[in-house]
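Per-entry structural report
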Amino acid sequence: MESRLSDAQVEALSREARKAKGFAYAPYSGFPVGAAVLGEDGKIYSGCNVENASYGLSNCGERTALFKMVSEGCRHFKAVLVCCGKTPQEAVPCGACRQVMSELCCSMEEAEVILEGEDGGRLFYSLQELYPHGFTSFRPEAAEKAAADLGHSEKMDSARKDGEWAKPKEPGTSGHDSENQAAHGKGKG
Ligand SMILES: [Zn+2]
């Protein structure tokens, strides 16, 4: 994609991501990651990966930066730059980070994901290109759009008319779970 960012904005993101990468705590993977997020407030938030001896508790650099943005009062981002590996291809975000990005972006089409390698090479994507069918089931508006993209809009409409939309489940009614999921379409598929 063609970036909407200025060269100066991309360079600033790169600088902050590389700085954060220097703080990475990655003794297990040996793969330090730095990320920098341009918030809709115009500020840059950075983060690194933080691993743990209990592997599943590790956090990616992208999510560290995104969570920092939210915790400092900014709700949406315009761009994320990820820096790791030798070439930009190695900086592709994992699925978990893409899912979090899809929730916190200004828009799927406009949010940019920039991959940068140690070699200085960069690749530019829209979030829509990297994560076209994310999980949206508890976000009715986003789910409706996703369903339309998948050709499931009628199912979504009838589910909503029936008042079944994201209705909190009463304890002990788990027998309805499969019905509810069916009514909500295949948002997770
Ligand atoms: Zn990740």
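Residues numbered from 1 in each chain as written. Predicted model: local features only at pLDDT ≥ 70, side-chain atom pairs only at ≥ 80, totals over all residues.

Comments concerning the overall build of the protein
Helices and strands together make up the secondary structure of the protein, namely 7 helices and 5 strands. Each helix and strand of the protein, placed in order from N terminus to C terminus, yields the pattern α-β-β-α-β-α-β-β-α-α-α-α. Expressed as a percentage of its 189 residues, the buried residues of the protein come to 32%. Summarising the internal contacts of the protein: among those between residues at least 6 apart in sequence, 62% fall at separations of at least 24. (Helix = DSSP H or I, 4+ residues; strand = E, 2+ residues; numbered from the N terminus. Buried ≥ 20, exposed ≤ 12 C-beta atoms within 10 Å, placed from the backbone. Contact = placed C-beta atoms within 7 Å.)

A closer look at the confidence of the model for the protein
On average, residues of the protein score 86 in pLDDT, and 80% of them reach the 70 mark or higher. Here residues 173-189 is a poorly scored stretch, pLDDT under 50, and it has 19 contacts once near neighbours within four places are set aside; other chains count. (pLDDT = per-residue confidence, 0-100.)

Section: the sheet that holds strand β2 (residues 44-48)
An order of β2-β1-β3-β4-β5 is seen for the 5 strands of this open sheet, with the pairing classed as mixed. Each edge of the open sheet carries a strand with a single partner, namely β2 and β5 (122-126). Within this sheet the neighbouring strands show an average axis-to-axis angle of 15°, counted without direction. Bridging between strand β1 (residues 34-39) and strand β3 (residues 77-83) involves 6 bridges; their strand directions are antiparallel. The residue of β3 that forms the bridge with Gly 34 is Cys 83. Sitting on the sheet, helix α2 (residues 61-71) is in contact with β1, β2 and β3, with an inclination near 140° to β2. (Pairing = 2+ DSSP bridges. Axes fitted to C-alpha atoms, helices over the stretch in contact; angles between N-to-C directions.)

Here's the deal with the nonpolar core
Core analysis: the biggest nonpolar cluster contains 34 residues, and Ala 35, Val 37, Phe 77, Val 80, Leu 81 and Val 82 have the highest contact counts within it. The set of elements that each furnish at least two residues to this core consists of α1 (7-21), β1, β2, α2, β3, α3 (95-104) and β4 (112-116). Per-element accounting of this core gives the leading share, 6 residues, to β3. Not counting chain neighbours up to four residues away, the residues in contact with Val 80 comprise Ala 35, Val 37, Glu 62, Met 101, Val 113 and Ile 114. (Core = buried A, V, L, I, M, F, W, Y, C linked by C-beta atoms within 7 Å.)

Thoughts on the packing of α2 against α3
Here α2 crosses α3 at 25°, and the two axes come no closer than 10 Å. When the axis of α2 is compared with that of α3, the two are roughly parallel. For the pair α2 and α3, the crossing hand works out as left-handed. Along the contact surface, α2 presents Glu 62, Arg 63, Leu 66 and Val 70, while α3 presents Cys 97, Val 100, Met 101 and Leu 104. A breakdown of the residues in the contact of α2 with α3 according to their chemical character gives 6 nonpolar, no polar and 2 charged. (Parallel < 35°, antiparallel > 145°, perpendicular 65-115°, else oblique. Left-handed = near helix turned anticlockwise from the far one by under 90°. Nonpolar A, V, L, I, M, F, W, Y, C, P; charged D, E, K, R; others polar.)

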